[in-house]
Amino acid sequence: MKRVIIGLSGGVDSSVAAYLLKQQGYEVIGLFMKNWHDDSVTISDECPWLDDSNDAMLVAEKLGIPFQTVDLSEQYKERIVNYMFNEYEKGRTPNPDVLCNREIKFDVFMKIALELGADFVATGHYCRKGVIKKDSNEIYKLLAGVDNNKDQSYFLCQLSQEQLAKSLFPIGELTKPEVRDIATKLDLVTADKKDSQGLCFIGKVKLPDFLQQQLKPKEGVIVEVSKEQDIYNKVKTDFNSEEEKLKYLSRKINYKVDLGKVVGKHQGAHYFTKGQRKGLGVGGTIEPLFVIDTDVKENVIYTGQGKEHPGLLKKALFVSNEELHWVREDLKLHLDETLEVMARIRYRQSLQKAKLHKVDSGMYVEFEEFQSAMAEGQFVAWYIDNELIGSGVIS
């Protein structure tokens, strides 16, 4: 009998995943990952980890599977929390959920599970795994979940073939309502539990409070840049090469304070991210203000009016070689190769038509339509049909 260790988070998805594995004849062990100790930044009555581990334990009891808690808070602090602070300090927008899967669930946690004699590790993600044979090798495919509203393949975009080989995603074939339905029929305590929001595992954290512990507030100005600005209107159209064009399309505009007018103050540019609308506290504009850029060195936030502000829109992005990752290494591009794909720059974004261009220093992703608020530090993931084949960090 094959042994599967499932990460029981105390939510409905992993509860039902555990039940399905048992039905499929696996020996199932539930493991709850405790990744956070500091209660000073969680909003205490909103799902602290204690309630979650308790719910996970009740589910395990009900399903008749062994249950244990593992404390991964050291590794979590080292690999996730520190990474977040570093990224924010650089003025990038991190994606802790993607990293948490790569570094914690499918690395630290997976190693513990394999040491406990597991053949596989399972999670409650809405995605599927496929396998094909190629030159007598087995190659694993990371496929979108059947539930279009809940597909979570994006969060797993950094997984490797080795990690996929040992992973199971039991609820990938189901929709969320079906999952809740099963949980209700089994009378699981998690059946009606709300989906967790906030940082993967920390519970509901107020991000600014969390960051403020390390990143000190400092007052700076908010500048509004008009759509009519010359930087947007003088558009270059003649290029000597495809790469020169892509470089231009993905360029970062260097904003200066004198390009606009000062409309307010803020408490630290590192608390804001591109595309953000809330929290600026500036009124009196015809259309709402959006953050179009932040300058953490000078501590300035640049904003523009309306969703269609040219400062928010871009057609291409760049991923450096160090931050380029192929789930399907057999499909990876070599110098000067291109590939038509579907891509997304954030979770829940519908897939967009795009073309990959491999160059010497990395890879360009060129979209057919303008994309809004490409935030540096976030992940872009590309797909062929419903298979996620690679990803990278927007640089």
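Refer to the structure above for everything that follows.
Thresholds applied
- Residues numbered from 1 in each chain as written.
- Predicted model: local features only at pLDDT ≥ 70, side-chain atom pairs only at ≥ 80, totals over all residues.
- Heavy atoms only, no water.
- Helix = DSSP H or I, 4+ residues; strand = E, 2+ residues; numbered from the N terminus.
- Polar contact = N/O pair within 3.5 Å; in protein donor to acceptor, adjacent residues only side chain to side chain.
- Contact = heavy atoms within 4.5 Å.
- Phe/Tyr/Trp six-rings, centres within 6.5 Å; stacked < 30°, edge-to-face > 60°.
- Buried < 20%, exposed > 50% of the residue type's maximum accessible area, 1.4 Å probe, protein only.
- Expected span 1.5 Å × (residues − 1).
- Pairing = 2+ DSSP bridges.
- Axes fitted to C-alpha atoms, helices over the stretch in contact; angles between N-to-C directions.

**Brief notes about the side chain of Gln158**
Point 1. Turning to its location among the elements, Gln158 is positioned in the loop between strand E6 (137-144) and helix H5 (161-165).
Point 2. Within the structure, the side chain of Gln158 is placed 2.9 Å from the side chain of Ser391, a separation counted as a polar contact.
Point 3. Those residues in contact with Gln158, other than ones at most four positions away along the chain, are Val98, Arg102, Gln163, His325, Phe379, Ser391 and Gly392.

**Here we look at the packing of aromatic side chains**
Point 1. Under the criterion given, the structure shown has eight aromatic pairs.
Point 2. Ring plane angle 50° and centroid distance 4.8 Å describe the contact between Phe318 and Tyr364, whose orientation is recorded as tilted. Residue Phe318 is located in strand E12 (residues 313-320), and its partner Tyr364 is located in strand E16 (residues 362-372); the two are separated by 46 residues in the primary sequence.
Point 3. The buried category is assigned to Phe318, whose relative accessible area is 16%.
Point 4. Residue Tyr364 is classed as buried on the basis of its relative accessible area, which comes to 4%.
Point 5. One aromatic cluster is present, built from ring pairs that chain together Tyr154, Phe155 and Tyr347.

**So, the side chain of Gln349**
Point 1. Following the sequence through the fold, Gln349 ends up in the loop between strand E14 (338-344) and strand E15 (352-358).
Point 2. In terms of polar contacts, Gln349 uses its side chain to reach the side chain of Gln371, at 2.7 Å.
Point 3. Aside from chain neighbours lying at most four places away, what touches Gln349 is Arg344 and Gln371.

**Examining helix H1 (residues 12-23)**
An α-helical segment advances 3.6 residues per turn. Residues three or four places apart therefore align on the same side.
Point 1. Its twelve residues give H1 an end-to-end C-alpha distance of 17 Å, which sits within 8% of 16 Å, the value for a rise of 1.5 Å per residue.
Point 2. Taking burial as the measure, the twelve residues of H1 include nine buried ones, the bulk of the element.
Point 3. Of the positions making up H1, those classed as buried are Val12, Asp13, Ser14, Ser15, Val16, Ala17, Ala18, Leu20 and Leu21.
Point 4. Buried residues along H1 sit in contact with strand E1 (3-7), strand E2 (27-34), helix H2 (49-63), strand E4 (120-122), strand E7 (167-168) and helix H6 (176-185).
Point 5. Just beyond H1, the residue with positive phi is Gly25, at close to 90°.

**Details of the sheet that holds E2**
Point 1. Taken together, five strands build an open sheet; the order of strands is E3-E2-E1-E4-E7 and the sheet is parallel. A strand with exactly one partner marks an edge of an open sheet, and here the two such strands are strand E3 (67-71) and E7.
Point 2. Against the sheet, H2 engages E2 and E3, with an angle of about 170° to E2.

**What to know about the environment of Glu369**
Point 1. As for its placement among the helices and strands, Glu369 is situated in strand E16.
Point 2. Exposure remark for Glu369: the relative accessible area of 48% places this residue in the partly exposed category.
Point 3. Expressed as a C-alpha distance, the spacing of Glu369 and Lys353, which sit 16 residues apart in the sequence, is 7.6 Å.
Point 4. For Glu369, the residues in contact, after removing those within four places along its chain, are Lys314 and Lys315.

**Considerations on the pairing of E16**
For a regular strand, side-chain orientation follows a simple rule: the groups alternate between the two sheet faces.
Point 1. Note: E12 against E16, seven bridges, orientation antiparallel. When the sheet's bridge partners are listed, Leu313 is paired in E16 with Ser372.
Point 2. Two elements, E15 and E16, share five bridges in a ladder whose sense is antiparallel. Counted as the bridge partner of Ala354 is Phe367 from E16.

**Some thoughts on the sheet that holds strand E10 (residues 289-295)**
Point 1. What the four strands build is an open sheet, ordered E9-E8-E11-E10; its pairing is mixed. Only two strands of the sheet have a single neighbouring strand rather than two, namely strand E9 (261-266) and E10. The sheet shows a mean angle of 30° between the axes of neighbouring strands, taken without regard to direction.
Point 2. Pairing of E10 with strand E11 (residues 300-305) involves six bridges; the strand directions are antiparallel. Bridge pairing in E11 places Leu289 opposite Gln305.

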